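Summary of structural features
Take a look at the letters that make up each chain.
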Amino acid sequence: MGSGKTITGLLTFLRLRTEGRRLLVIAPGCVLDGWAEEASSRFGLKVTMHHGPKRARTADALLSADAVVTTYGTFVADFAKDASGCALSGIPWGLIILDEVHMFIANTDNRAHQALRLHLRDTPRLALTGTLVQNGYREVASICNVVLRPGHRFGRADVFDRPGAVSEFQKR
């Protein structure tokens, strides 16, 4: 907490922003209000919370927002029901920010990891975490697998299994 991740993420979006592109923030439920408050009060973005039973069911309902803030659970649930027809799939996203990413996608078998890997693949992603990776390089590979383009060599866990791979990764 208090390390500046939210502001860094919002500034990254504003720097990369192009006409008609919006920001999607996927974060733990306990920080959704913080993201919405920072985006609206500090940067003047119109923010929509996409969470809970009264959330938007169509993309049209979200198009008036500059930024949409949701949870990993909502993201997974929406895409599990109808990937092509869910509200989040019909939006031209400029950036997807994955906050506290280590908690939700460190395991490649995790539903959030699989949903993020499969959907919205053409949208740039920014992974944020205030916690050091504690479980080794496979966790880093799992995060890279979601954030980097398909086929990137650091997105495969086995890349760290060969001799010298860890030192090669540290040099980059």
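On a predicted model such as this, the values are computed, not experimentally measured, just so you know. (Residues numbered from 1 in each chain as written. Predicted model: local features only at pLDDT ≥ 70, side-chain atom pairs only at ≥ 80, totals over all residues. Heavy atoms only, no water.)

Considering the pattern of salt bridges
Following the criterion strictly, the structure yields five salt bridges and no others. Lys5 is the salt-bridge partner of Asp99, the closest N and O atoms lying 3.8 Å from each other. With Asp99 in strand β4 (residues 93-99) and Lys5 in helix α1 (residues 5-16), the pair connects residues that are 94 residues apart, well separated along the chain. Lys5 shares its class with Asp99; the two are buried. Between Lys5 and Glu100 there is a salt bridge; the shortest N-O distance is 2.6 Å. Here Glu100 lies in the loop between β4 and α4 (111-118) and Lys5 lies in helix α1, a separation of 95 residues in the sequence. Take Lys5: its relative accessible area is 17%, and that puts it in the buried class. Residue classification places Glu100 among the buried residues on the basis of a relative accessible area of 15%. (Salt bridge = Lys/Arg side-chain N within 4 Å of Asp/Glu carboxyl O. Helix = DSSP H or I, 4+ residues; strand = E, 2+ residues; numbered from the N terminus. Buried < 20%, exposed > 50% of the residue type's maximum accessible area, 1.4 Å probe, protein only.)

Some remarks on the side chain of Thr74
Tracing the backbone through its elements, the reader meets Thr74 in helix α3 (residues 72-81). Here Thr74 falls in the buried class, since its relative accessible area comes to 5%. Sequence-distant contacts of Thr74, defined by excluding residues within four places in its chain, comprise His50, His51, Gly52 and Arg55. (Contact = heavy atoms within 4.5 Å.)

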